Amino acid sequence: MSDRLATLLRSGRVLLPALLLCALPFYLDAFWLRIGLFSMAAAIGAVGLGLLSGTAGQLSLGHAFFLAVGAYGYVWLAGEPGPGLPPAVAAVLAVLLAGAAGGLFSPVAGRVKGIYLGVATLALVFLGHHVLLTADSVTGGFNGRSVPPLELGGFTFAETDPELTVLGVPFGAEERLWYLGLALFALTWFTARGLLRGRPGRALVALRDSETAASVMGVHVARYRSSAFVVSSMYAGLAGVLLALSFRRVVPDYFSLALSVDYLAMIVIGGLGSVAGAAAGAVFVTALPLLMTRYADQLPLVATPGSGDGSIGPTEASRYLYGAAIVVILLYAPDGLHGLARRTRARLHRGAPVTGPPGTGPSPGANSASSATPATTARAKEHTP
């Protein structure tokens, strides 16, 4: 009986959040759905970077480059000018293209580590930005290109005429893309967790902790480093495809060094080496500037966009805030939000006190045991013009 109850509880921990996320498009307007879409795309990319930097211990500042490869690869492959492939095929090929780009760079990733790898990947961002600006026939130059909508089996993830209505709720582009984003994020979640729990994950952790010990145990150092870089690049390419579909237009300036820094902030805040932590950090870093932009007129010391009064804008203010969050995390919870949530849950469920991150020892006074539903009526919704 106890085993059956434990199984039901584990299933409920997955099914209940999934059902809640599936029901949100019936209640939320387009603004909140866009925040969710951008957060899901960022979470997919952050999971990939978490595998590379958190699990394999490889510093990368070029994640924005691989997101750009995925986004522009899809736009060119599915659009005109371009081969004009079916959008679903173009999306798959764009992810593979990002993986191929990571494979071309993997010999460097297999032999260089630490800050040297970070500087090497930094060059990718500047090189990629230059190519995006100059290759007008492929990228559209400074003004970018519009994104062809995705089609699967005759179903279009965009506004259609006549409008699609589900249980009395109009389903526009945001609602349709929401379920696509959920499916892609679920795929990322389960594949990444399976990778971490399997032999490759254990090999990458051993490689991060000690190359000498890992090689003694039979881990091929260069091969696993290169493989981690390729897998991370493919996750980034998938995130780039979803971002392109969500933005509906891609421009070079978005895929800058600032985007790579944002992704590093996501995995540090969420917790290095944790899939759930990377997702939580992605939601925090992505949603904060959007929320501050919407409510800038109600926040102290934050100017509304375009006011020009010399005050701090919402984007700059949000960067200050999550920069301060990184400092607090590094000082008081080096294992990030995921570790903090794990310790809090342990205290609530087992009566154990909340202690510091693993390895810091129990807190004073701790004993040895403790240290161990859709809407059915039609309603108006705000949509992007």
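Structural notes, computed from the coordinates. Quick caveat: nothing in here was measured; it's all calculated off a predicted structure.

### Details of helix α5 (residues 114-134)
Residue pairs spaced three or four apart in an α-helix point in one direction, given the helix's 3.6 residues per turn.
Alright, step 1. Spanning 21 residues, α5 covers 31 Å between terminal C-alpha atoms, matching the ideal 30 Å at 1.5 Å per step.
Alright, step 2. Taken together, the buried positions of α5 are occupied by Leu117, Gly118, Thr121, Leu124, Val125, Gly128 and Leu132. Projected onto a plane normal to the axis of α5, the buried residues spread over an arc of 100 degrees and lie on a single side. Residues of α5 that are exposed and angled more than 90 degrees away from the buried face: Ile115, Tyr116, Val119, Phe126 and Leu127.
Alright, step 3. Considering only its buried residues, α5 is in contact with α3 (63-78), α4 (87-111), α6 (136-139), α10 (221-247) and α11 (257-270).

### A word on the pattern of salt bridges
Alright, step 1. Counting across every chain of the model gives 8 salt bridges.
Alright, step 2. Where Glu211 meets Lys113, a salt bridge forms, and the shortest distance between an N and an O atom there is 3.3 Å. Within this pair, whereas Glu211 is found in helix α9 (residues 211-216), its partner Lys113 is found in the loop between α4 and α5, the two being separated by 98 residues in sequence.
Alright, step 3. For Glu211, a relative accessible area of 26% gives the class partly exposed.

### Quick notes on a nonpolar patch on the surface
Alright, step 1. Taken together, the side chains of Val89, Val92, Leu93 and Leu96 make up a nonpolar region of the molecular surface, amounting to roughly 320 Å² of accessible area.
Alright, step 2. As for its position among the elements, Val92 is in helix α4.

### What to know about the packing of aromatic side chains
Given two aromatic rings, their pairing is described by the distance between the two centres and the angle made by the two planes.
Alright, step 1. Within this structure, the stated rule accounts for 12 aromatic pairs.
Alright, step 2. Geometrically, the ring pair formed by Phe65 and Phe66 is edge-to-face, given 5.1 Å between the ring centres and 80 degrees between the ring planes.
Alright, step 3. In this structure Phe65 comes out as buried when scored by relative accessible area, which is 18%.
Alright, step 4. Look at Phe66 and you get buried, because its relative accessible area is 2%.
Alright, step 5. Residues Tyr254 and Phe255 carry aromatic rings whose centres are separated by 5.2 Å and whose planes lie at 90 degrees to one another, so their mutual orientation is edge-to-face.
Alright, step 6. Assessed through its relative accessible area of 4%, Phe255 is described here as buried.
Alright, step 7. Put simply, the rings of Phe38, Tyr72, Phe247, Tyr254 and Phe255 pair up and form one aromatic cluster.
Alright, step 8. Above the ring of Phe31, the side-chain terminus of Arg294 is found at 4.2 Å from the ring centroid.

### Regarding the environment of Phe66
Alright, step 1. For Phe66, the position within the fold is in helix α3.
Alright, step 2. Note: C-alpha distance between Phe66 and Ala236 (170 residues apart in sequence) is 5.6 Å.
Alright, step 3. Beyond its immediate stretch of four places on either side in the chain, Phe66 contacts Ala98, Ala101, Gly102, Leu124, Phe229, Ser233, Ala236 and Gly237.

### Some thoughts on the packing of helix α7 (residues 173-197) against helix α8 (residues 199-209)
Alright, step 1. One way to put it is that α7 packs onto α8 with a least axis distance of 4 Å and a crossing angle of 65 degrees. Taking contact as the criterion, the partners of Leu195, Leu196 and Arg197 in α7 are, on α8, Arg199, Pro200, Gly201 and Arg202.
Alright, step 2. Classifying every residue of the contact of α7 with α8 gives 3 nonpolar, 1 polar and 3 charged.

### As for the environment of Leu245
Alright, step 1. Along the chain, Leu245 turns up in helix α10.
Alright, step 2. For Leu245, a relative accessible area of 8% puts it in the buried group.
Alright, step 3. On a C-alpha basis, the gap between Leu245 and Phe157 in space is 8.6 Å, while along the polypeptide they are 88 residues apart.
Alright, step 4. Residues in contact with Leu245, not counting those within four places in the same chain, are Tyr74, Val147, Pro148, Leu150, Leu177 and Leu180.

### A look at unusual backbone geometry
Alright, step 1. Cis geometry marks the peptide bond from Glu80 to Pro81; its omega dihedral reads 5 degrees.
Alright, step 2. Even without a glycine there, the phi angle at Arg248 is positive, about 70 degrees.
Alright, step 3. Checked against the element boundaries, Arg248 lands in the loop between α10 and β6 (249-250).
Alright, step 4. Residue Arg248 is classed as partly exposed on the basis of its relative accessible area of 28%.

About the cut-offs
Residues numbered from 1 in each chain as written. Predicted model: local features only at pLDDT ≥ 70, side-chain atom pairs only at ≥ 80, totals over all residues. Heavy atoms only, no water. Helix = DSSP H or I, 4+ residues; strand = E, 2+ residues; numbered from the N terminus. Expected span 1.5 Å × (residues − 1). Buried < 20%, exposed > 50% of the residue type's maximum accessible area, 1.4 Å probe, protein only. Arc of directions from axis to C-beta. Contact = heavy atoms within 4.5 Å. Salt bridge = Lys/Arg side-chain N within 4 Å of Asp/Glu carboxyl O. Patch = residues over 30% accessible without salt bridge, like charges linked within 9 Å, V, L, I, M, F, W, Y side chains within 5 Å. Areas by Shrake-Rupley, 256 points an atom, 1.4 Å probe, with all protein chains shown as cover. Phe/Tyr/Trp six-rings, centres within 6.5 Å; stacked < 30°, edge-to-face > 60°. Lys NZ or Arg CZ within 6 Å of the ring centre and 35° of its normal. Axes fitted to C-alpha atoms, helices over the stretch in contact; angles between N-to-C directions. Nonpolar A, V, L, I, M, F, W, Y, C, P; charged D, E, K, R; others polar.

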